[in-house]
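Read off the chains here:
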Amino acid sequence: MKQRRIPSDEAYAGLRAYLTGRKAKKIFLVCGQSFSGLRIAPFFDRLELQTGICVTKFQQFEPNPQYGSVVEGVRRFRESGSDFIVAVGGGSAMDVAKCIKLFSGLSDEECYLKQRAAPNDIGLLAIPTTAGSGSEATKFAVVYFEGEKQSVSEESCMPQAVLLDARLLETLPPLQRTATALDALCHAVESFWSVNATEESKRLSKAALGLILKNWDAYLFNDGQGNQKMLYAAHLAGQAINLAQTTAGHAMCYQLTSRYGLPHGCAAALCLSKAWLHMVRHPMACRDARGEPYLRKTLAELAEAMGQSRAEEAAKWLDGFVKSLRLPLPEASPREAAWLRDSVNQARLRNHPVRLDADALESLYRQILQLEEEG
Ligand SMILES: [Fe+2]
């Protein structure tokens with residue numbers, strides 16, 4: 001499915017034209033708690049008056065959305081009689097909106113996550129308010145069920161349309177700005193070396209990476225151009241992971257967020273920086289079907305895309321860069337490194353081009369937690 005890109009303009013005339021053109025009658029608006037402070041909020045507040053399209057807001061979900069919140073969202077969606085879903089927010093709002101769309105066609109008699117997904121034609125429009133998750137460009141959604149992260153992957157979760165409006169990033173606080181940009185950086189790097197990478201996904205990853213590195217400072221300083229470029233870069237990186245998926249950085253990072261509260265992008269970058277150094281030193285453990293020469297070539301291409309002369313220099317650069325950000329690190333004991341080793345998402349780990357056994361994983365966690373030096 002080709003995703004439609006709605007033009008962003010001062011008064012959201014393009015958005016209004018899209019919604020009326022789609023003949024939407026009732027919109028279910030999934031948005032975060034900070035929605036009312038966004039410049040797009042008055043557009044939806046006045047939509048019914050201007051076009052006759054009713055809007056039902058749904059904001060009762062948490063940053064790492066729980067299954068119960070999604071179930072409530074499905075109930076409210078059906079009750080409202082809405083025929084179209086709009087997600088405005090970061091990755092969590094997108095996840096919730098995708099799940100509501102997907103689950104609304106399923107039976108209430110059984111857990112939605114256990115049922116076979118049935119595609120439906122409910123419209124889904126994504127309007128990201130962070131430059132990070134790239135979720136507006138993917139078929140994936142995440143929801144937490146009984147404390148465990150559950151990944152949903154369905155073609156019909158892909159939003160049919162997207163509006164990229166960099167002005168919505170103006171109110172992002174500094175830590176969230178850094179964390180989301182790190183998430184986009186990890187998406188670009190991991191999708192580039194993923195065992196699922198294709199020529200197309202690598203082209204997208206490379207384009208995203210170039211934009212992220214070039215516009216990092218401007219974005220952190222909340223410059224308008226910087227916001228625009230970073231938003232687009234995160235979108236491209238989202239398109240790349242939609243094709244190639246993420247690898248060790250994401251396979252290893254989730255418990256650093258749920259157990260210690262580290263923002264997702266910070267956790268992913270900490271894991272990626274150590275996994276990258278390990279990979280350039282162990283290419284002989286290659287698991288990519290294209291073989292070790294291909295992996296070495298990919299790592300060299302990645303280094304070149306980052307303006308570094310060798311694969312190891314690129315890995316060291318990221319490690320130094322992440323250290324320079326002085327991200328908040330949890331106080332953890334060696335026993336917790338072993339616990340984290342056993343919590344790794346094995347499905348994602350299989351996308352990593354180098355095999356990581358239990359000893360390697362535990363060693364990487366000890367490095368991340370600064371319990372040992374990298375070897
Ligand atoms: Fe991510």
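What counts as what
- Residues numbered from 1 in each chain as written.
- Predicted model: local features only at pLDDT ≥ 70, side-chain atom pairs only at ≥ 80, totals over all residues.
- Helix = DSSP H or I, 4+ residues; strand = E, 2+ residues; numbered from the N terminus.
- Rg over C-alpha atoms; globule rule 2.2 N^0.38 Å.
- Buried ≥ 20, exposed ≤ 12 C-beta atoms within 10 Å, placed from the backbone.
- Contact = placed C-beta atoms within 7 Å.
- Axes fitted to C-alpha atoms, helices over the stretch in contact; angles between N-to-C directions.
- Parallel < 35°, antiparallel > 145°, perpendicular 65-115°, else oblique.
- Left-handed = near helix turned anticlockwise from the far one by under 90°.
- Nonpolar A, V, L, I, M, F, W, Y, C, P; charged D, E, K, R; others polar.
- Pairing = 2+ DSSP bridges.
- Core = buried A, V, L, I, M, F, W, Y, C linked by C-beta atoms within 7 Å.
- Domains from an automatic or database assignment.
- Expected span 1.5 Å × (residues − 1).
- Arc of directions from axis to C-beta.

Novice: When you look at the overall build of the chain in this model, what are you seeing that I'm missing?
Specialist: Assigned secondary structure in the chain consists of 14 helices and eight strands. Relative to a compact globule of 375 residues, whose C-alpha radius of gyration would be 21 Å, the chain shows 21 Å and is just as compact. Classification of the 375 residues of the chain by burial places 47% in the buried group.

Novice: What is the right way to look at the environment of glycine 105 in this model?
Specialist: If you trace the backbone, glycine 105 turns up in the loop between helix H4 (91-103) and strand E5 (123-128). For the pair formed by glycine 105 and proline 119, sequence separation is 14 residues and the distance between their alpha carbons is 8.0 Å. Those residues in contact with glycine 105 that lie beyond four places of it in its chain are Ala118 and Asn120.

Novice: Where do I start with the packing of helix H8 (residues 248-260) against helix H9 (residues 264-281) in this structure?
Specialist: For any two helices packed against each other, the geometry comes down to the angle between their axes and how far apart the axes lie. With their axes 8 Å apart at the nearest point, H8 and H9 run at an angle of 135° to one another. Taken together, the axes of H8 and H9 lie oblique to each other. Between H8 and H9 lies a crossing of right-handed hand. Facing H8, whose interface residues are Ala248, Gly249, His250, Met252, Cys253, Leu256 and Thr257, H9 presents His264, Ala267, Ala268, Leu270, Cys271, Leu272 and Ala275. Within the contact of H8 with H9, the residues separate by chemical class into 10 nonpolar, four polar and no charged.

Novice: Got a minute to help me understand the sheet that holds strand E4 (residues 84-89) in this structure?
Specialist: Taking strand neighbours across the sheet as the criterion, the six strands line up as E1-E8-E5-E4-E2-E3 in an open arrangement whose pairing is parallel. Each edge of the open sheet is held by one strand with a lone partner, namely strand E1 (4-6) and strand E3 (54-58). Here the strands of the sheet are splayed against their neighbours by 25° on average, with no regard to which way each runs. Across five bridges, strand E2 (residues 26-31) lies against E3 in parallel orientation. Bridge pairing links isoleucine 27 to valine 55 in E3. Strands E2 and E3 of the sheet are contacted by helix H3 (residues 67-80), whose axis makes an angle of about 160° with E2.

Novice: Please explain the nonpolar core as it appears in this structure.
Specialist: The tendency in soluble globular proteins is for nonpolar side chains to be buried as a group. Grouped together as the largest cluster of nonpolar side chains are 112 residues, with contacts concentrated most on Val30 and Ala208. With 12 residues, the top contributor of residues to this core is H9. Two domains each put at least three residues into this core: domain 1 (4-169) and domain 2 (174-368).

Novice: Quick question: what am I supposed to make of the environment of leucine 277 here?
Specialist: Looking at the secondary structure, you find leucine 277 in helix H9. The exposure class of leucine 277 is buried, given the 20 C-beta atoms found within 10 Å. A C-alpha to C-alpha distance of 31 Å links leucine 277 and leucine 172, two positions 105 residues apart in sequence.

Novice: Teacher, can you tell me more about the domain arrangement of the chain here?
Specialist: Accessible area lost upon the coming together of the parts is a frequently used measure of interface size. Along its sequence, the chain is organised into domain 1 (4-169) and domain 2 (174-368). The centre of domain 1, based on its C-alpha atoms, is set 27 Å off from the matching centre of domain 2. Grouping the constituent residues of the side of domain 1 that touches domain 2 by class yields six nonpolar, seven polar and three charged.

Novice: What am I meant to see in unusual backbone geometry here?
Specialist: Trans is the common state for peptide bonds, and a negative phi is the common state for residues other than glycine. Even without being a glycine, asparagine 222 presents a positive backbone phi close to 60°. In this structure, asparagine 222 sits in the loop between helix H6 (199-220) and helix H7 (224-244). Phi is positive for arginine 326, which is not a glycine, with a value near 50°. If you trace the backbone, arginine 326 turns up in the loop between helix H11 (311-324) and helix H12 (334-341). For arginine 326, a count of 7 C-beta atoms within 10 Å gives the class exposed.

Novice: Would you take a moment to explain helix H10 (residues 292-305) for this structure?
Specialist: Every α-helix winds through 3.6 residues per turn, so residues three or four apart in the chain are directed the same way. Relative to the 20 Å expected for 14 residues at 1.5 Å per residue, H10 spans 20 Å between its end C-alpha atoms, a close match to the ideal helical length. Among all positions of H10, only Leu295, Thr298, Leu299 and Leu302 are buried. Looking straight down H10, one finds its buried side chains confined to an arc of 95°; they lie on one side. Where H10 is buried, its residues contact helix H5 (174-193), H9 and H11. Glycine 307 lies just past H10 and shows a positive phi near 75°.

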